[in-house]
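Structural description and commentary
One letter stands for each residue in the lines below.
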Amino acid sequence: MAQETTGQFDSLLEEGRRFAPDPGFRARANFNDEGVYARAAADPEGYWAEQAQELSWFEPFQTVLKWDPPHAEWFVEGKINAAYNAVDRHRKGPRRNKAAIIWEGEPGDQRVLTYDMLGREVDKAAHMLRELGVKKGDRVTLYLPMIPELPIAMLALAKIGAAHSVVFGGFSAKALHERILDAGSTLVITADGGWRRGQVVPLKANTDQAVEGTQVRHVLVVRRVGEAAGARMVPGRDIDWQDMMAAMPTTPVPAEPMDSEALLFILYTSGTTGKPKGIVHTTGGYLVGANTSLRSVFDLKEDDVYWCTADIGWITGHTYVVYGPLTAGGTIVMYEGAPDFPDRDRFWSIVERYGVTILYTAPTSIRTFMKWGPHYPAAHNLDSLRLLGTVGEPINPEAWMWYRTHIGHDRCPIVDTWWQTETGAAMIAPLPGLTVTKPGSATRPLPGVFAEVVDEEGKPVPPGGAGYLTLTRPWPSMLRTIWGDDDRYRRTYWERFPGRYMAGDGAHVDEEGYYWILGRVDDVINVSGHRIGTMEIESALVDHPAVAESAVIGRAHEVKGQAISAFVTLKEGVPIEEELVVQLKQHVVDKIGALARPEEIFFTVELPKTRSGKIMRRLLRDIAEGRALGDTTTLADPAVVEELKRRYEERYEERE
Ligand code: WTA
């Protein structure tokens with residue numbers, strides 16, 4: 001594993017720059033007492049119980065944690081409602097008329113919803129969902145663009161005690177179909193379409209295909225695009241969101257008092273097999289994790305304008321667009337479209353237009369902005385910014401420095417936050433008023449979070465070492481299980497190192513206890529901050545009638561972090577043609593979505609395998625990155641594959 005990440009690791013080791021918090025920032029920071037780490041270490045449950053007091057509970061919890069490994073229950077016997085905490089409680093006090101959501105559509109349209117206005121929409125939506133037969137405990141699948149109706153639907157479901165399963169709008173009909181089936185949803189909420197780079201994303205057309213052969217009874221359709229979407233309503237099944245909302249009363253719907261451990265949502269993520277995992281998050285613990293990190297890591301204040309650029313279809317959007325900032329009473333910015341529409345300065349024009357103070361984005365975006373050049377941000381007034389964040393993949397020190405210089409103007413602290421769909425909230429990240437940052441390091445575990453890097457045997461590595469990143473104690477926002485597959489939950493996260501949560505990432509800890517995340521150690525690749533399992537793409541390729549076998553790897557890519565390279569062996573007699581490359585790429589897009597489109601496809605007469613039959617992925621990576629062979633088109637010659645294997649085995653032995 002160390003070998004696979006050598007390049008990145010070497011550059012990190014040379015990284016000697018340090019940035020201490022500005023004293024003024026520190027003085028005003030929400031978390032500015034270094035003692036918080038020691039207090040939380042001495043009494044983690046006490047620390048989390050204290051943080052839980054920031055939320056409103058209908059009934060207080062009696063026990064902070066019940067830990068029956070690998071199953072945790074947090075804030076046991078407490079009764080709480082996510083929508084009440086995110087919206088209704090703010091409608092009663094001075095936040096009533098404060099902007100909750102400042103939204104901008106890609107075409108330039110705008111909407112501002114105050115907490116009270118948001119609450120009214122949520123109430124109407126809750127009435128509508130009830131009328132459609134949605135009950136406590138039901139799951140509803142949402143397949144929507146970044147429009148206010150998405151958080152409104154999530155919160156309305158939470159309000160009546162139903163769960164959401166949000167599927168990112170970039171997933172295909174087939175991927176949506178599988179997720180609808182797995183969650184057992186009888187209602188899907190979608191839009192006629194969404195805007196992306198001036199084009200219509202055909203959400204309704206995909207949904208029509210996806211619901212075929214499922215248990216879905218109704219499809220609720222938000223009109224976003226209108227005529228241009230060409231959506232067709234199916235009588236009896238499809239319902240127009242706007243029409244039905246207009247007929248709903250604005251009378252308050254009482255928030256359902258939910259058990260702390262009641263299901264809040266399912267969110268599918270990629271694992272090492274072809275089948276996506278439905279990550280299960282419950283209510284009380286998840287909200288405590290989300291809310292605490294908004295106050296600690298993001299230092300959210302009453303007058304901040306906070307913008308997390310993630311799509312709500314990913315965990316970052318769930319926690320840091322919706323539940324975190326709204327439970328903390330913040331003002332969020334939401335943007336529907338692409339960063340280069342109509343021009344490459346869209347983000348900076350948004351920051352300037354709304355006076356964004358906190359900006360949270362992904363390294364792949366930062367690298368894209370670097371490529372486009374600093375004149376785009378330089379053309380806008382970014383003086384409002386006071387804190388910058390990054391998430392999704394390791395950030396290279398050069399990108400970190402560029403972010404600091406060209407966006408933060410050397411005055412904004414950067415919080416590099418390591419976490420996962422499974423962890424629910426940030427785990428390893430700086431506290432901006434306290435932590436000395438080093439470009440490329442997510443720094444230290446947050447108070448109340450306990451991490452360790454271990455070797456193959458599960459023994460902690462000494463400072464300076466590298467190995468598998470694990471978490472050694474349960475934390476409130478942890479996943480509770482995998483939907484419908486508790487056995488997979490045990491096997492995936494808890495079996496390899498008993499008593500520890502295995503994150504699936506490699507990490508290095510330096511002499512000062514700083515964590516440097518080295519990327520995935522399993523067959524999951526991270527393309528532009530999106531997790532995709534190599535097996536999912538392989539299954540999609542093999543599904544094509546021309547393909548006999550395939551192997552997919554992630555190779556280094558300057559902007560995307562990793563790019564998808566596919567190696568394909570065709571069935572006997574199928575000729576290798578340029579047209580087939582186009583077809584196969586499209587096949588993957590149809591099966592999974594555009595995010596999984598292979599960057600390149602190599603045809604090979606056979607796949608290089610070890611004697612035990614394991615595909616030599618590291619060799620494939622060398623080929624894709626141009627190290628093993630100059631001209632990869634010769635790959636179709638079996639002798640070349642044999643020769644490569646021989647040379648390769650002389651150098652390394654493929655590890656499990
Ligand atoms: C990677 C996204 C390095 C990591 C919140 C993890 C990171 C996977 C960082 C989870 C970071 C996330 N530095 N790597 N700051 N943040 N990752 O589930 O490999 O979409 O396991 O959650 O992203 O991706 P997921």
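Predicted model, so just to flag it, every value in this text is computed and none were measured. (Residues numbered from 1 in each chain as written. Predicted model: local features only at pLDDT ≥ 70, side-chain atom pairs only at ≥ 80, totals over all residues. Heavy atoms only, no water.)

The local shell around the ligand holds 17 residues, among which Asp416, Thr417, Thr421, Asp505 and Arg531 are the closest. Here an oxygen atom of the ligand sits 2.9 Å away from a polar atom, N or O, in the side chain of glutamine 420. Between the ligand and asparagine 526, the relevant distance is 3.5 Å, taken from an oxygen atom to a side-chain nitrogen or oxygen of the residue. When the free accessible area of the ligand is taken as 530 Å², the share hidden by the protein chains comes to 98%. Every element with two or more residues in the shell around the ligand is listed here: α12 (315–327) and β25 (515–520). (Near = heavy atom within 4 Å. Polar contact = N/O pair within 3.5 Å; in protein donor to acceptor, adjacent residues only side chain to side chain. Areas by Shrake-Rupley, 256 points an atom, 1.4 Å probe, with all protein chains shown as cover. Helix = DSSP H or I, 4+ residues; strand = E, 2+ residues; numbered from the N terminus.)

Residues given the UniProt feature "domain: AMP-binding enzyme C-terminal" (unreviewed entry) here are residues 536–614. Annotated as 27% helix and 32% strand, the span residues 536–614 places its first and last C-alpha atoms 17 Å apart. (UniProt positions renumbered as here; feature names shortened; annotations may be inferred.)

Assigned domains within the chain: domain 1 (4–507) and domain 2 (524–655). Between domain 1 and domain 2, the C-alpha centre-to-centre distance is 32 Å. Contact with domain 1, which involves 26 residues of that partner, is made by 25 residues of domain 2. Here domain 1 packs against domain 2, burying approximately 1900 Å² in sum over the two surfaces, 48% of which is carbon and sulfur. There are one salt bridge connecting domain 1 and domain 2. The salt bridge partner of glutamate 422 is arginine 531, with a shortest N-O separation of 2.9 Å. Across the contact surface, domain 1 and domain 2 share twelve residue pairs in polar contact (both at pLDDT 80 or more). Considering each element in turn, the side of domain 1 that touches domain 2 owes the most residues, four residues, to helix α14 (residues 363–372). Of the residues in the side of domain 1 that touches domain 2, the class split is four nonpolar, 13 polar and nine charged. (Domains from an automatic or database assignment. Contact = heavy atoms within 4.5 Å. Buried area = accessible area lost by both parts, 1.4 Å probe. Salt bridge = Lys/Arg side-chain N within 4 Å of Asp/Glu carboxyl O. Nonpolar A, V, L, I, M, F, W, Y, C, P; charged D, E, K, R; others polar.)

What follows deals with the sheet that holds strand β18 (residues 358–361). Taken together, the seven strands give an open sheet; going across it, the order is β5-β4-β17-β16-β18-β19-β20, and neighbouring strands pair in mixed fashion. Both edges of this open sheet fall to β5 (110–114) and β20 (414–416), since each of them pairs with a single strand only. In this sheet, adjacent strand axes meet at a mean angle of 15° when their direction is disregarded. Sheet topology places strand β16 (residues 305–308) next to β18; three bridges connect them, and they run parallel. Bridge pairing in β18 places tyrosine 306 opposite isoleucine 358. (Pairing = 2+ DSSP bridges. Axes fitted to C-alpha atoms, helices over the stretch in contact; angles between N-to-C directions.)

Sequence positions flagged by UniProt for "binding site: ATP" (unreviewed entry) are, in local numbering, Gly392, Glu393, Pro394, Asp416, Thr417, Trp418, Trp419, Gln420, Thr421, Asp505, Arg520 and Arg531. Relative to the assigned elements, glycine 392 resides in the loop between β19 (387–390) and α16 (397–407). Here glycine 392 falls in the partly exposed class, since its relative accessible area comes to 34%. What glycine 392 contacts, discounting residues up to four positions off in sequence, is Asn526 and Gly529. By the secondary structure assignment, arginine 520 is in strand β25. If we ignore the near neighbours within four places in the chain, the residues touching arginine 520 are Gln420, Ala503, Gly504, Asp505 and Arg531. (Buried < 20%, exposed > 50% of the residue type's maximum accessible area, 1.4 Å probe, protein only.)

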